[in-house]
Amino acid sequence: MIAVIRRKVVAALAATAALGTLGVAATPAGATEQSIATRAAAAGCFDGGCTGKDPQALGCAADAVTVEQIFVWDNVWDLRYSRACNAHWGRLSKLGGGSGSTTNLDGAPPDRPGYTFTAWATNYTPPGMGKTWTAMGAGRDSVRVCAHVDYVRPTPWYCTKWY
């Protein structure tokens, strides 16, 4: 009898450890939605309320991940996404040579006209001066990042796939 109980305890502990390794936590129903709402409140905006706003200023960059990337000559632009804010934006993660690079976050909302938010960066901008990211678009929108370099004439645009 003790051996059976011991096996059940060991199995339960192993299952708990496996869930922890996978990043799965046992939480009560509704905790995930509450957690997202709490993070969104701390960030300052959520979904459509973030459209056109600065991701750094509102704290949305804190949990952001890169979901798409585009390499434009020797510049790298990222399509970023924040789960806490449910919002996307474009960010320059590597500025290569030349005079500068421009990017747009193009959005296609399901319930209103589309939008384009632009950011521009240059090698000659002192550190801390100028933004290298666009304003945000809502997470429910279809979005993409398009970029070009300003020192190439004619200037072709390169875009990520729609996300």
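Structure: see above.
These lines cover the structure that appears in this document, whether it is placed above or below. (Residues numbered from 1 in each chain as written. Predicted model: local features only at pLDDT ≥ 70, side-chain atom pairs only at ≥ 80, totals over all residues. Heavy atoms only, no water.)

1. Focus: the sheet that holds strand β7 (residues 142–149)
Spatially, the four strands line up as an open sheet ordered β5-β4-β7-β8, and their pairing is antiparallel. The sheet is open, and its two borders are formed by β5 (115–121) and β8 (158–159), each paired with just one other strand. Taken together, the seven bridges between strand β4 (residues 101–108) and β5 define a ladder with antiparallel strand orientation. Residue pairing in the sheet places Leu105 in a bridge with Phe117 of β5. (Pairing = 2+ DSSP bridges. Helix = DSSP H or I, 4+ residues; strand = E, 2+ residues; numbered from the N terminus.)

2. As for the pairing of strand β1 (residues 65–72)
The pairing of β1 with strand β2 (residues 75–82) spans seven bridges and is antiparallel. Within β2, the residue paired with Val72 across the bridge is Asn75. Between β1 and β2, which pair antiparallel one after the other, the connecting turn spans two residues, and Trp73 there sits at a positive phi close to 55 degrees.

3. With respect to the state of the cysteines
With the rule as written, the count across this model stands at three disulfides. One disulfide bridge connects Cys45 with Cys50, the sulfur atoms lying 2.0 Å from each other. When the S-S torsion is 100 degrees, as for the bridge of Cys45 with Cys50, the disulfide is right-handed. Each member of the pair, Cys45 together with Cys50, is buried. At a sulfur-sulfur separation of 2.0 Å, the disulfide partner of Cys146 is Cys159. Residues Cys146 and Cys159 are joined through a disulfide that is right-handed, its torsion about the S-S bond being 110 degrees. (Disulfide = S-S within 2.5 Å. Buried < 20%, exposed > 50% of the residue type's maximum accessible area, 1.4 Å probe, protein only.)

4. Description of a nonpolar patch on the surface
A grouping of Trp73, Tyr151 and Tyr158 is seen on the molecular surface, where their side chains present a nonpolar patch of about 320 Å² in accessible area. Looking at where Tyr151 falls in the secondary structure, it is placed in the loop between β7 and β8. Residue class for Tyr151 comes out partly exposed when judged on its relative accessible area of 32%. (Patch = residues over 30% accessible without salt bridge, like charges linked within 9 Å, V, L, I, M, F, W, Y side chains within 5 Å. Areas by Shrake-Rupley, 256 points an atom, 1.4 Å probe, with all protein chains shown as cover. Salt bridge = Lys/Arg side-chain N within 4 Å of Asp/Glu carboxyl O.)

5. Looking at unusual backbone geometry
One non-glycine residue with positive phi stands out, namely Asp47, at about 50 degrees. Looking at where Asp47 falls in the secondary structure, it is placed in the loop between α2 (31–43) and β1. Take Asp47: its relative accessible area is 11%, and that puts it in the buried class. A positive phi angle, close to 50 degrees, is found at Asn86, a residue other than glycine. For Asn86, the location among the structural elements is in the loop between β2 and β3 (87–94). Overall, the relative accessible area of 17% leaves Asn86 in the buried class.

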